[in-house]
Amino acid sequence: MIKIQRLTLDNGLRVIVHEDHTTPMAAFNVAYDVGSRDEHPDHTGFAHLMEHFMFCGSENVPDFDKALQQVGAINNAYTSQDLTNYYILLPANNLETAFWVESDRMLQLAFRQESLDVQKHVVIEEYKENYLNRPYGDVLMLFNAMVYKRHPYQWLPIGKSIEQIAEVDMAMVRDFHHRFYCPNNAVLVVAGDVRADNVFALAEKWFGDIPSGPERMKSYPQELPQTEARKTVVERNVPSDLLLKGWRMCDRLHPDFYALDLLSDLFGTGQSSYLYQTFVTERKLFTDISAAVTGTADEGVFQISGRPVEGVSIEEADAALSDYLYGFKFDSTLPHDLQKVKNAAESVLLYNEIKIDDRATNLAVWETLDSVERFLDERQLYFDVTEEQMRRLTSELLTEEKSNTLFYKAKES
C-alpha cells in the first residue's frame, strides 16, 4: 500500500507527499488540470503547444533544462486529452531546485515571441513527422472524429491541423497560462527520500504566495446516444489494410470501467485472448488483432484493431469479426478466464509501483482526475468485477448500431 500525506495551500494548490526512504532520489510532479478537451474547436493543439512553451524559461530561470541538469535532474512532460503533467527526477538532497524552477514558471513564465515562434515550428514538424508522414499516423485522428461528434475528444492533443497551431499568438498564450497554469488548477506530488513536513514547508515557501487563478466551470459538450452504425473508408500509402472498430463506453471513474478493461483483456490482450485464438490461430483471417479501452475522464472507447492476412479483404475480415462479436456468449471457462485477467491486471498495477517516478506520476494523475484514494483502491476494484457484469456489458456494448468502423486501406500499386 502506498502511504501518502496531503496538504492544501490557501491558494488551492494540492500537495501530496509519499515518503520512501529506500531510494536516494525524489520524484517531483506538477499536474495541471488542462488537456486538449479544454481547447476551443478553432484553436486545437494549444495545450500541447503550451507544454512545449513552458520549457522556454521563466523570468528567473531563463534555461530550465540547464538549471536542472546542474543538480543531476532529468525532466520532461506530456499532454493528454485530460491533463498536462510535468515531472522531474533528481537526487533528494537537491529537491529545492525543483521547487524553485517549477514555481517560477507557474508565476513568472517568460513570454518571449522568439520562443513561441521556435516552439510552433517544433510542434508543426512533430505534427508532420508523426501524423502526416508516418504510416498509419492519422488513424486515431480519423477514428476519433467519427466516434465523437460533439465532445472535444474528437481531436487529439496534437490538434486538428497545422494551420491552427501556426495561428497561435502571444495574447492567446498569456490567456491560456493565466486561466489554467495556476495553483488552484494544479496538483504537486513529491515522492522519495523526503520528509512530509519539509516538503510542505517548501511548498509554502515557493508556491504559497502565487495568487489563485480564476475559478473553473468545467463543462464539455456531451455526446448524444448513438443509434446507427458509422463507417469511414480511406486509402493511404501503407503496407497493409488496418481495421479499427470501436464502441463508446463509460468514463474512467464509472464502476463499469474495470469490467470493460478486463473484457478488453479477455478479447484481445496476448496470444491466448479470444480474438487472437479465433481469428489468428484458428481461422487465419488476421495477422494480428487486439483490444483496448481508453481510460479518459469523460466517455471513452472500447476498441478492437487488426490487420487482415494477405488475400483476405478488409470487408470479409470485418464481416467475420462482426458476426463473432454480435453473437458472442461466454461459456463455462469464464470463471477461470476472468480470474486470469484479474491476476494480470494486478501484476500491471504492482509493476507500476516499482519505480518512484511512476508512483509519483500515478498519484498526480489520479489526484487531478479524482483523488489519490481512488487510485489506491484500484486493485480491489478490479477484483470486485463479477461474471454477471461481464455478461451484461458484453451484451449492452457490442451491438452493431453503436459501432464505429474504420477501413484503413492500403492503396493498390
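Now for a look at the structure at hand. (Residues numbered from 1 in each chain as written. Predicted model: local features only at pLDDT ≥ 70, side-chain atom pairs only at ≥ 80, totals over all residues. Heavy atoms only, no water.)

Pairing is mixed across the open sheet formed by 6 strands, whose spatial order is β1-β2-β6-β3-β5-β4. Each end of this open sheet is capped by a strand with a single partner; those strands are β1 (5–8) and β4 (74–79). Put simply, the sheet's adjacent strands are angled 15° from each other on average, direction ignored. For β1 and strand β2 (residues 14–19), the ladder comprises 4 bridges, and the chain directions are antiparallel. Counterpart to Q5 in the pairing with β2 is V17. Against the sheet, helix α3 (residues 95–107) makes contact with β3 (25–32), β5 (84–91) and β6 (186–192), and its axis sits at roughly 155° relative to β5, the strand it touches most. (Pairing = 2+ DSSP bridges. Helix = DSSP H or I, 4+ residues; strand = E, 2+ residues; numbered from the N terminus. Axes fitted to C-alpha atoms, helices over the stretch in contact; angles between N-to-C directions. Contact = heavy atoms within 4.5 Å.)

A separate point is the nonpolar core. Counting 61 residues, the largest nonpolar core has F267, L275, F279, F302, I304, L325 and M390 as the members making the most contacts within it. With 8 residues, helix α9 (residues 257–268) is the single largest residue contributor to this core. For F279, the contacting residues outside a window of four places in its chain are K284, L285, F286, I289, A320, L321 and Y324. Core analysis: the second largest hydrophobic core is formed by 60 residues, L68, I88, A98 and M141 among them. (Core = buried A, V, L, I, M, F, W, Y, C linked by side-chain atoms within 4.5 Å. Buried < 20%, exposed > 50% of the residue type's maximum accessible area, 1.4 Å probe, protein only.)

Here the focus is the sheet that holds strand β8 (residues 242–249). Across a sheet, strands are paired by hydrogen bonds formed along the backbone, either parallel or antiparallel in direction. Within the open sheet, the 5 strands sit side by side as β7-β11-β8-β10-β9. Their pairing is mixed. Strand pairing shows two members of the sheet lacking a second neighbour, β7 (230–236) and β9 (286–293), which therefore form its edges. Taken over all neighbouring pairs, the strand axes of this sheet differ in orientation by 15° on average, direction set aside. Direction of pairing for β8 relative to strand β11 (residues 403–410): antiparallel, over a ladder of 6 bridges. Bridged to L243 within β11 is F407. Helix-sheet contacts for α9 involve β8, β9 and β10 (300–308), and the interaxial angle to β9 is about 170°. Seen against the sheet, helix α10 (residues 274–282) touches β9 and β10 and runs at an angle of roughly 165° to β9.

Following the criterion strictly, the structure yields 25 aromatic pairs and no others. Here F267 and F328 contribute two aromatic rings whose centre-to-centre distance is 4.9 Å and whose plane-to-plane angle is 55°, an arrangement assigned as tilted. Separated by 61 residues along the polypeptide, F267 in helix α9 and F328 in the loop between α11 (314–326) and α12 (334–351) bring together distant segments of the chain. F267 gets classed as buried once you look at its relative accessible area, which sits at 0%. Take F328: its relative accessible area is 14%, and that puts it in the buried class. A centroid spacing of 4.9 Å and a plane angle of 85° characterise the contact between F328 and F330, whose relative ring orientation is edge-to-face. In this structure F330 comes out as buried when scored by relative accessible area, which is 14%. Through a chain of ring-to-ring contacts, the aromatic side chains of F267, Y274, F279, F286, Y324, F328 and F330 assemble into a single cluster. One residue, R105, lies across the ring of F55, its end atom 4.7 Å from the ring centre. (Phe/Tyr/Trp six-rings, centres within 6.5 Å; stacked < 30°, edge-to-face > 60°. Lys NZ or Arg CZ within 6 Å of the ring centre and 35° of its normal.)

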